[in-house]
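Here are the chains, one letter per residue:
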Amino acid sequence: MAPSGSRSIKRGCQRVLYWIPVLFIALIVAWSYYAYVLQLCIVVYLLVYHVVFIMFVWAYWQTIFTKPMNPLKEFHLSHSDKELLEREDRGESQQEILRRIAKDLPIYTRTNSGAIRFCDRCQLLKPDRCHHCSVCDKCILKMDHHCPWVNNCVGFANYKFFMLFLLYSLLYCLFITATDLQYFIKFWTNGLPDTQAKFHILFLFFSASMFSVSLASLFIYHCWLVCKNRSTLEAVRSPVFRHGTDKNGFSLGFSKNFRQVFGDEVKYWPIPVFSSLGDGCSFPTCLVNLDPEQPSSPTGSNPANKSAAEGRQFPSKPLRESQSRLLTSTPSWSENETGSVFGETITRRTSYRNQNMLRIALGDT
């Protein structure tokens, strides 16, 4: 009992420590609000300031408190499969079992050695772009990175929120820097009254300008990742498909890459509400060589069945209509932009995706 208790205490202390960067950012933002609104108090600028401030805080809140999505139960091993896997000592025999299970799932990425990606901790087959987070101790769908400044994993569920957080925090800092610049110059030319406000103006300009530089570089980098349809992990280590490493394996062209993160409906792009396309477990690819281990689904061999599947409509939750559009309107993903998206690849996934979207739409997550 003692070791278990000590581990629980250690884990609890770690969770408290993880919130320190978030608390630091919160204090900086609260002070900047006080310094700008109450000390600088430029009435003309306050309306624009509050709009940017509200959007910044909203996006930051969503990034922090949106729970990362985990793989669906189809990717978890059944009890019988677990027992069968545990009885096998040889790695090749275990891979044969995993390959048999993966045949019914839309899994196209592999390890560097060509093996099925399997998580020992979570006992599941990893969906494409899914990785295990050592901090959260969970497998995260389309994991980008674990961010200490939000104390959360940035992945499929909150990547749009993270991008908007970077955007609005950058605009927030740039707006403060631009409007505070004239008063910062007056500070050095002794043009300001000798009050407490002059020191707030000085440090407000310094902090906003320094954060602007770091946020700008980070935002530009993630814009590049969105355009290329890559995560931070995939930029460091390219995904491995059956035909080999392909850094552009998930890229569908700028327009489709952007819409995969922000959705089809323009009115939701600047708002921190979920509008990303897909289910997070499977993604359209630009595979050069189709995976021979993934058999074609019945919908791929029967055009009538394919048309019926594409025309099938499911009830959806608010803001999920654009998400289902990616799954049901497969011809739009087979258009050619920067690379060829094979219709056969998308067709093989249609049946699986429609089943998942039906469960998601009905609230069975």
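Residues numbered from 1 in each chain as written. Predicted model: local features only at pLDDT ≥ 70, side-chain atom pairs only at ≥ 80, totals over all residues. Heavy atoms only, no water.

### Points about the UniProt feature "transmembrane region" (unreviewed entry) in the chain
For step 1, the next point in the chain: The feature "transmembrane region" (unreviewed entry), as given by UniProt, occupies residues 16–36, 42–61, 161–179 and 199–221 in the numbering adopted here.
For step 2, the next point in the chain: Secondary structure across residues 16–36 comprises 95% helix and 0% strand; the distance between its end C-alpha atoms is 30 Å.
For step 3, the next point in the chain: As annotated, residues 199–221 comprises 100% helix and 0% strand, and the C-alpha atoms at either end are separated by 34 Å. (UniProt positions renumbered as here; feature names shortened; annotations may be inferred. Helix = DSSP H or I, 4+ residues; strand = E, 2+ residues; numbered from the N terminus.)

### What about unusual backbone geometry?
For step 1, the next point in the chain: One non-glycine residue, Arg129, lies in positive phi territory at about 75 degrees.
For step 2, the next point in the chain: Mapped onto the elements, Arg129 comes out in the loop between strand E3 (124–125) and strand E4 (131–133).

### A look at helix H5 (residues 91–102)
Turn by turn, an α-helix covers 3.6 residues, leaving residues three or four places apart pointing in a common direction.
For step 1, the next point in the chain: The terminal C-alpha atoms of H5, which comprises 12 residues, lie 16 Å apart, in line with the 16 Å expected from a rise of 1.5 Å per residue.
For step 2, the next point in the chain: Those residues of H5 that fall on the buried side of the exposure criterion are Ser93, Gln95, Ile97, Leu98, Arg99, Ile101 and Ala102.
For step 3, the next point in the chain: Close packing links the buried residues of H5 with helix H4 (79–87), strand E2 (118–119) and E3. (Expected span 1.5 Å × (residues − 1). Buried < 20%, exposed > 50% of the residue type's maximum accessible area, 1.4 Å probe, protein only. Contact = heavy atoms within 4.5 Å.)

### Concerning the packing of aromatic side chains
For step 1, the next point in the chain: The final tally for this structure, using the stated rule, is 28 aromatic pairs.
For step 2, the next point in the chain: An angle of 40 degrees between the planes, with centres 5.5 Å apart, marks the rings of Tyr49 and Tyr172 as tilted. Of the two residues, Tyr49 sits in helix H3 (residues 43–65) while Tyr172 sits in helix H6 (residues 159–188), which places them 123 residues apart along the sequence.
For step 3, the next point in the chain: The exposure class of Tyr49 is buried, given its relative accessible area of 0%.
For step 4, the next point in the chain: The exposure class assigned to Tyr172 is buried, which follows from its relative accessible area of 5%. (Phe/Tyr/Trp six-rings, centres within 6.5 Å; stacked < 30°, edge-to-face > 60°.)

### As for the packing of helix H2 (residues 20–40) against helix H7 (residues 197–228)
For step 1, the next point in the chain: Two elements in contact, H2 and H7, have axes whose closest approach is 10 Å; the angle formed by their N-to-C orientations is 135 degrees. If you check the angle between H2 and H7, you find them oblique. Pair H2 / H7 crosses with left-handed handedness. Contacts from Phe24, Ile28, Trp31, Ser32, Tyr34, Ala35, Tyr36, Gln39 and Leu40 in H2 reach Ala197, His200, Ile201, Phe203, Leu204, Ser207 and Phe211 in H7.
For step 2, the next point in the chain: Along the lines of polarity and charge, the residues of the contact of H2 with H7 split into 12 nonpolar, 4 polar and no charged. (Axes fitted to C-alpha atoms, helices over the stretch in contact; angles between N-to-C directions. Parallel < 35°, antiparallel > 145°, perpendicular 65-115°, else oblique. Left-handed = near helix turned anticlockwise from the far one by under 90°. Nonpolar A, V, L, I, M, F, W, Y, C, P; charged D, E, K, R; others polar.)

### A word on the confidence of the model for the chain
For step 1, the next point in the chain: Averaged over the chain, the pLDDT score is 80; the fraction of residues at 70 or greater is 75%.
For step 2, the next point in the chain: A low-confidence stretch, residues 288–365 stays under pLDDT 50, and its non-local contacts, those more than four residues away or across chains, total 142 contacts. (pLDDT = per-residue confidence, 0-100.)

### What about the sheet that holds strand E9 (residues 244–245)?
For step 1, the next point in the chain: Across the sheet, which stays open at both edges, the 3 strands sit in the order E1-E8-E9 with antiparallel pairing between neighbours. Of all strands in the sheet, those with a lone pairing partner are strand E1 (109–110) and E9, marking the two edges.
For step 2, the next point in the chain: Where strand E8 (residues 240–241) and E9 come together, 2 bridges link them in antiparallel fashion. Residue pairing in the sheet places Val240 in a bridge with Thr245 of E9. (Pairing = 2+ DSSP bridges.)

### Some details on the environment of Leu85
For step 1, the next point in the chain: Within the secondary structure, Leu85 is located in helix H4.
For step 2, the next point in the chain: Measuring from C-alpha to C-alpha, the distance between Leu85 and Gln95 comes to 9.0 Å, with 10 residues separating the pair along the chain.

### Considering the nonpolar core
For step 1, the next point in the chain: Counting 40 residues, the largest nonpolar core has Tyr36, Tyr49, Tyr159 and Phe165 as its most contacted members.
For step 2, the next point in the chain: Elements with a contribution of two residues or more to this core: H2, H3, H6, H7 and helix H9 (254–262).
For step 3, the next point in the chain: Examining the composition of this core, we find that 12 residues originate from one element, H6, more than from any other.
For step 4, the next point in the chain: Contacts of Phe165, omitting those with residues within four sequence positions, involve Phe56, Ala59, Tyr60, Thr63 and Val150. (Core = buried A, V, L, I, M, F, W, Y, C linked by side-chain atoms within 4.5 Å.)

### Concerning the pattern of salt bridges
For step 1, the next point in the chain: Tallying each qualifying case throughout the model produces 6 salt bridges.
For step 2, the next point in the chain: As a salt-bridge pair, Glu234 and Arg129 come within 2.9 Å of each other at their nearest N and O atoms. Linking Glu234 in helix H8 (residues 232–236) with Arg129 in the loop between E3 and E4, this pair joins segments that are 105 residues apart in sequence.
For step 3, the next point in the chain: Among the charged side chains, a network of salt bridges with common partners joins Glu92, Glu96 and Arg99. (Salt bridge = Lys/Arg side-chain N within 4 Å of Asp/Glu carboxyl O.)

### Brief notes about the environment of Trp269
For step 1, the next point in the chain: Relative to the helices and strands, Trp269 resides in the loop between H9 and helix H10 (298–301).
For step 2, the next point in the chain: Sequence-wise, Trp269 and Arg259 are 10 residues apart; in three dimensions their C-alpha atoms are separated by 9.1 Å.
For step 3, the next point in the chain: Excluding residues that lie within four positions of it along the chain, Trp269 makes contacts with Lys160, Leu164, Phe258, Phe262, Gly263 and Asp264.
For step 4, the next point in the chain: Only 3.5 Å separates the side chain of Trp269 from the backbone oxygen of Phe262, close enough to count as a polar contact.
For step 5, the next point in the chain: A polar side-chain atom of Trp269 sits 3.5 Å from the main-chain carbonyl oxygen of Glu265. (Polar contact = N/O pair within 3.5 Å; in protein donor to acceptor, adjacent residues only side chain to side chain.)

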